[in-house]
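Remarks on the overall topology
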Amino acid sequence: MEAQKALQAGGMFSALAIPPDFPMSSRSSFDHMSRLDQSLGILSHGLLLQRKAFSDGVNTLMEKFPQMGGELHKIFGSPESPFKTVSDNILQYTCGKRAECIELRRKLLEPKDAHLAKLLTGIPPSSTALFEERLLAEFVRAHPSTVRPKPRNPPRLPPPASVQPFPSTQPRRERDPALQVQEHKGPWHFCFPIQAQDHQEQPLAQR
């Protein structure tokens, strides 16, 4: 979006960075809060740009019409000015909501261990990261278990070759017809294999 490009700025007005290997309780919630952090940062920067543009415009008018300086300051710049009060409240509200968003993002990165969580919470955010980089590096060195180890890609093994059966060298033996199940015409039924030629088949059950 063109409007976003015009208002977007880096540093403190972008989503504060996170350690890449830190585990988190909910990835989807963290990603949502990161996008909200980014949006509120852009909005805060846009409000500051608006205030500066307005201030520059008023100063230009005061230079061209010095006799209006007192009135312009009274209407737009004095502490009693309704315009200044509303403008300050909007900026304060936006920055406050972003501070809440940053705090929630930090909360999602806290370890389950209460002692480690307290130590991590004691590290303040920097202008570009959720946790001040130098203090966080010292914390990780002292407590490496808080960082998720990077998975190593195991070497891929070649797929097993298909096993082809060797042809049998034994002569093929014909089955004894006396041991084969006889096929019957008429109603289907199960029967025992015939044990001898002079025995008749005995059905198990008849359908």
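Residues numbered from 1 in each chain as written. Predicted model: local features only at pLDDT ≥ 70, side-chain atom pairs only at ≥ 80, totals over all residues. Heavy atoms only, no water.

**Considerations on the packing of helix α2 (residues 27-64) against helix α4 (residues 82-108)**
The N-to-C vectors of α2 and α4 enclose an angle of 155°; their axes lie 9 Å apart at closest approach. Taken together, the axis directions place α2 and α4 in an arrangement best described as roughly antiparallel. Remark: the crossing between α2 and α4 carries left-handed chirality. (Axes fitted to C-alpha atoms, helices over the stretch in contact; angles between N-to-C directions. Helix = DSSP H or I, 4+ residues; strand = E, 2+ residues; numbered from the N terminus. Parallel < 35°, antiparallel > 145°, perpendicular 65-115°, else oblique. Left-handed = near helix turned anticlockwise from the far one by under 90°.)

**Here we look at the nonpolar core**
Among the nonpolar cores identified, the biggest contains 15 residues, and Phe22, Leu109, Leu120, Leu130, Phe131, Leu136 and Phe139 are the most heavily contacted of them. Sorting the residues of this core by element identifies α4, α5 (114-121) and α6 (133-142) as the ones contributing at least two each. (Core = buried A, V, L, I, M, F, W, Y, C linked by side-chain atoms within 4.5 Å. Buried < 20%, exposed > 50% of the residue type's maximum accessible area, 1.4 Å probe, protein only.)

**Points about the confidence of the model for the protein chain**
Considering every residue of the protein chain, the mean pLDDT works out to 76; 71% of them sit at 70 or more. Of all secondary-structure elements in the protein chain, the lowest mean pLDDT belongs to strand β1 (residues 189-191), at 34, while α4 reaches the highest, 94. In this model, residues 175-207 is a region of pLDDT below 50 whose contacts with residues beyond four sequence positions or in other chains number 35 contacts. (pLDDT = per-residue confidence, 0-100. Contact = heavy atoms within 4.5 Å.)

**Focus: the packing of aromatic side chains**
Tallied over the entire structure, the rule returns 3 aromatic pairs. Relative to Phe83, the ring of Phe76 lies with its centre 5.5 Å away and its plane at 90°, an arrangement referred to as edge-to-face. Among the aromatic residues, those joined into a cluster by ring pairs are Phe54, Phe76 and Phe83. (Phe/Tyr/Trp six-rings, centres within 6.5 Å; stacked < 30°, edge-to-face > 60°.)

**A closer look at a nonpolar patch on the surface**
Taken together, Leu61, Phe65 and Met68 make up a surface patch of nonpolar side chains, about 240 Å² in accessible area. Its location among the elements puts Met68 in the loop between α2 and α3 (69-77). (Patch = residues over 30% accessible without salt bridge, like charges linked within 9 Å, V, L, I, M, F, W, Y side chains within 5 Å. Areas by Shrake-Rupley, 256 points an atom, 1.4 Å probe, with all protein chains shown as cover. Salt bridge = Lys/Arg side-chain N within 4 Å of Asp/Glu carboxyl O.)

**Brief notes about the pattern of salt bridges**
Summed over the entire model, instances satisfying the criterion amount to 8 salt bridges. A salt bridge links Asp37 to Arg105, with the shortest nitrogen-to-oxygen separation between them at 2.7 Å. Residue Asp37 is found in helix α2, and its partner Arg105 is found in helix α4; the two are separated by 68 residues along the sequence. Take Asp37 and Arg105: they sit in the same class, and that class is buried.

**Brief notes about the packing of α2 against α3**
Two elements in contact, α2 and α3, have axes separated by 9 Å at closest approach and are oriented at 160°. Accordingly, the angle class assigned to the pair α2 and α3 is roughly antiparallel. In terms of crossing hand, the pair formed by α2 and α3 is right-handed. Side by side, α2 and α3 meet where Phe54, Val58, Leu61 and Met62 of the first sit next to Gly69, Leu72 and Phe76 of the second. Its residues assigned to classes, the contact of α2 with α3 comprises 6 nonpolar, 1 polar and no charged. (Nonpolar A, V, L, I, M, F, W, Y, C, P; charged D, E, K, R; others polar.)

**Focus: the side chain of His45**
As for its placement among the helices and strands, His45 is situated in helix α2. Leaving out residues up to four positions away in the same chain, His45 has contacts with Leu7, Gln8, Ala9 and Phe13.

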